[in-house]
Structures are given as structure tokens and as C-alpha cells.
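# Secondary and tertiary structure notes
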Amino acid sequence: MSQLDNFLRYLAVERNASEHTIAAYKADITEFCKRVMDRETFDDFASIDRDQARSFIMQLYSAGDSKRSVQRKLSAMRSLFRYLLRQGAVDSNPFANLPPIKSDKPLPVVMQMQQVEKLLESIPLYWQQKITSGNVKNPAQAEGASLRDTALTETIYSGGLRISEAVGLNIADIDLAQGIMSIRGKGRKERLAALGAPAVKALSAYLRFRRTQGIPALRDGAVFLNKSNQRLTCRSYQRNLQEYLLFAGLPPDFTPHKLRHSFATHLLDAGADLRSLQELLGHENLSTTQIYTHVSIQRLKSVYNQAHPRSGRKKKDS
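Let me sum up the structure you'll find in this document. This structure is a prediction, so every number in the text was calculated from the model and none was measured.

## Focus on the overall build of the protein chain
- Check the secondary structure of the protein chain and you find 13 helices and three strands.
- In the protein chain, buried positions account for 42% of the 318 residues.
- Long-range pairs, those at least 24 residues apart, make up 58% of the contacts in the protein chain with a sequence separation of at least 6.
- A total of about 18500 Å² of accessible surface is found on the protein chain, and carbon and sulfur atoms cover 50% of it.

## Regarding helix 9 (residues 234-248)
- If you check helix 9, its first and last C-alpha atoms are 21 Å apart, about what 15 residues at 1.5 Å a residue would give, namely 21 Å.
- For helix 9, every residue scored as buried is listed here: S236, Y237, N240, L241, Y244, L245 and A248.
- Of the surrounding elements, those touching the buried residues of helix 9 are helix 5 (113-132), helix 6 (139-159), helix 7 (163-167) and helix 10 (256-269).

## Notes on the packing of aromatic side chains
- Scanning the entire structure with this criterion turns up twelve aromatic pairs.
- Pairing F45 with F81 gives two aromatic rings, centres 6.0 Å apart and planes at 90 degrees, and the pair type is edge-to-face. With a gap of 36 residues between them, F45 in the loop between helix 2 (19-37) and helix 3 (50-62) and F81 in helix 4 (residues 67-87) connect regions that are remote in the sequence. As far as burial versus exposure is concerned, F45 and F81 are alike and both buried.
- Between F81 and F95, the ring centres sit 5.7 Å apart and the planes meet at 40 degrees, which makes this aromatic pair tilted. Linking F81 in helix 4 with F95 in the loop between helix 4 and helix 5, this pair joins segments that are 14 residues apart in sequence. The pair formed by F81 and F95 is uniform in burial state, with each residue classed as buried.

## Focus: helix 10
- With 14 residues, helix 10 ought to run about 20 Å at 1.5 Å a step, and its terminal C-alpha atoms sit 20 Å apart, in line with that.
- Counting buried residues along helix 10, eleven of its 14 residues qualify, which places the element largely inside the surrounding structure.
- Inspection of helix 10 places P256, K258, L259, R260, H261, S262, F263, A264, T265, H266 and L268 among the buried residues, and these make up the whole buried set.
- G271 lies just past helix 10 and shows a positive phi near 110 degrees.

## Focus on the sheet that holds strand 2 (residues 180-184)
- The strand order across the open sheet formed by three strands is 1-2-3, and the pairing between neighbours is antiparallel. Of all the strands in the sheet, the pair left with one neighbour each is strand 1 (174-175) and strand 3 (190-194).
- The pairing of strand 2 with strand 3 spans five bridges and is classified as antiparallel. What sits directly across from I183, in strand 3, is R191.

## Topic: the pattern of salt bridges
- The final tally for this structure, using the stated rule, is ten salt bridges.
- For D51, the salt bridge is made with R54, and the minimal N-O distance between the two is 3.2 Å. Taken together, the residues span about one helical turn, with D51 and R54 both in helix 3 at a distance of three residues.
- Relative accessible area serves as the criterion here: at 52%, D51 is assigned to the exposed category.

## Quick look at the packing of helix 3 against helix 4
- Following both chains from N to C, one finds helix 3 and helix 4 inclined at 150 degrees, their axes separated by 10 Å at the closest point. The angle between helix 3 and helix 4 places the two elements in the roughly antiparallel class. The two elements helix 3 and helix 4 cross, and the hand of that crossing is right-handed. Touching F56, I57, L60 and Y61 of helix 3 are K67, V70, K73, L74 and M77, all from helix 4.
- Partitioned by chemical class, the residues of the contact of helix 3 with helix 4 number seven nonpolar, no polar and two charged.

## Quick look at unusual backbone geometry
- You will see that N16, though not glycine, has its phi angle at about 55 degrees, which is positive.
- The backbone of D38 sits at a positive phi, close to 60 degrees, despite the residue not being glycine.

## Quick word on the pairing of strand 2
- Residues M181 and I183 of strand 2 are buried on one face, while the alternating residues I180, S182 and R184, pointing to the opposite face, are not.
- One ladder, built from two bridges, connects strand 1 with strand 2; its direction is antiparallel. Within strand 2, the residue paired with I174 across the bridge is M181.
- In this structure, the hairpin formed by strand 1 and strand 2 is closed by a connection of four residues, where G179 is found at a positive phi of approximately 70 degrees.

Calculation notes
- Residues numbered from 1 in each chain as written.
- Predicted model: local features only at pLDDT ≥ 70, side-chain atom pairs only at ≥ 80, totals over all residues.
- Heavy atoms only, no water.
- Helix = DSSP H or I, 4+ residues; strand = E, 2+ residues; numbered from the N terminus.
- Buried < 20%, exposed > 50% of the residue type's maximum accessible area, 1.4 Å probe, protein only.
- Contact = heavy atoms within 4.5 Å.
- Areas by Shrake-Rupley, 256 points an atom, 1.4 Å probe, with all protein chains shown as cover.
- Expected span 1.5 Å × (residues − 1).
- Phe/Tyr/Trp six-rings, centres within 6.5 Å; stacked < 30°, edge-to-face > 60°.
- Pairing = 2+ DSSP bridges.
- Salt bridge = Lys/Arg side-chain N within 4 Å of Asp/Glu carboxyl O.
- Axes fitted to C-alpha atoms, helices over the stretch in contact; angles between N-to-C directions.
- Parallel < 35°, antiparallel > 145°, perpendicular 65-115°, else oblique.
- Left-handed = near helix turned anticlockwise from the far one by under 90°.
- Nonpolar A, V, L, I, M, F, W, Y, C, P; charged D, E, K, R; others polar.

Function cannot be inferred from these measures alone, as they are strictly geometric.
So, in C-alpha cells, the structure goes:
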């Protein structure tokens, strides 16, 4: 078997990589062989040097590959050479210490405050329409779904939560009196998040409804439940959110994570400092949080261009 075949077999057997991943690695390494070595099959990777690695990068850019695509292809080559080093088939990894390629991060898409409000208003209206039209078998369940999803949406937007963090909340994690909640984020790191007055009101209404249905509020039990009284899944809420967006006439590509983006941007617009926002979002590095300043700057530029008489933009006669 060739060195490439052995590497792909290693990915499948020892790394338990998916067929999609293995196919992607094979395509990227084959592309290197075609571009740099001018052949589809190649089995002398020990002869590859740093100049040929650089040549591959330049050829990819010349072909119009995006930075993200170049990064992925270099990652495949680094992985191949790390494997070959362990096997003793090569003496060095020519892709190991190449200058890093920083990908252009797209600015997060955010909802306007009016759109968030319209979404929240649409949830009870959606379920009320379903009930009055006779399209639900159990009106109590529909009422519960309305109260639950209103509370969940308020909670995500109020605290800037990831959807997984929100559905992962237990009763013990929320303090309605203090307006705070304890969040288990990425890497199981804990942080405190805020519950604004609308979120506290929505959660209180939902928990009261649960009590009327005889559902116990166990401290280690989930806050948000499905119709089987099991923890609500991220996918279930995402599916419902699509229905609410359609009902409200809002862009269908809005997602729970865009509520988190909106929380961050709206706080910055209102004067919050970056360090506080970093803590609230649970970002390990401030650089991750700084992307929201670019969103706010773009918004300020838009306002300036529309309003300033000497912005350079022609305005229509009123």
C-alpha cells in the first residue's frame, strides 16, 4: 500500500474518522500532488521540502481559494506529515512552521431590537391561532409550549446564552428573585448571566403553569421541558423558532445564536464595556468578543451616512 493509503487507513481505523473526512483529506493531499509534483499519485513524501510547501500555498491563492480553504488543505498536509514522522517515513514536516493564515471572520448577523420584540410577540399569537383554529389536540400542551418558548427566547436574549446553555438550565441554576442564572458553558466553565425583568416575568409564568400541570420543580430537573416532560432539545426549539419567524414575517435565517449575537451588539450599542461583555458571554479571549465592536461600528457608520449632512451620501429631496 502507498503512504497515502496507509494514512487514510490510519484515519479510518485509529482515528475513527468519518467517510466524509477521509474523502476530504484524500482530495486535499491529491491536489497537492497534482499542483506541486504534477502527478496524481506520489509516494516519496520524504523528498518534499519547505519551498514546495510554500509553492502549494501560492498556487492555491492564485487559483482563487479562500483563506479558509487554504487553511483546511494545509491542515490535511500537516496531518499527513505528522503521521509519516511517527512512522519514520520522513525526517521532518515541511508544513509544520509555515506562517499562520488568519481567516477573515464574517461579522455576526444580528436582529434589530424591533425584530426581537416582534419575534417575542409572535410566539403566543402563533399558539393562540393554532388553538382557536382547532389545529392542536391538546390546548393545555399548546399553552405550555407558548409559555415555555416565550420564556426560553427571553432567557437566551436576556443572558446572551448559547441554545445549548439555555436548554441545559436546571431549576437550581436560576434565581428569579435576584435576576441571575448560573451557566455551564464551553468546557464546563461556569459563569453568571443576567435575567432581565421580561425574562423573569416569562419564566415565572411558565413555572406557574408547570405547577398547575403537576410537574414538580426538582432542583436538579430541567427548566425547559418537552411534551413528554423531558428536557427540551436544541433541535426542537430551533424547529419551533422557524415556525415563529415564518408566522411573524421575519427573515427565516435567524437562529438562536443570532439572539446571542443581538444581545452582545445591543449591549455595546447601549454603552457596555468590552470586558464586561466578555464575562457575560463567557469568552475566554477578549479578541473573540471584539468582533461585536465591528458590528457596532458598521451600525454607527450607517447612521452617520444617513444623518450627517456632509457624509458624502446624496439624500433625496424631502
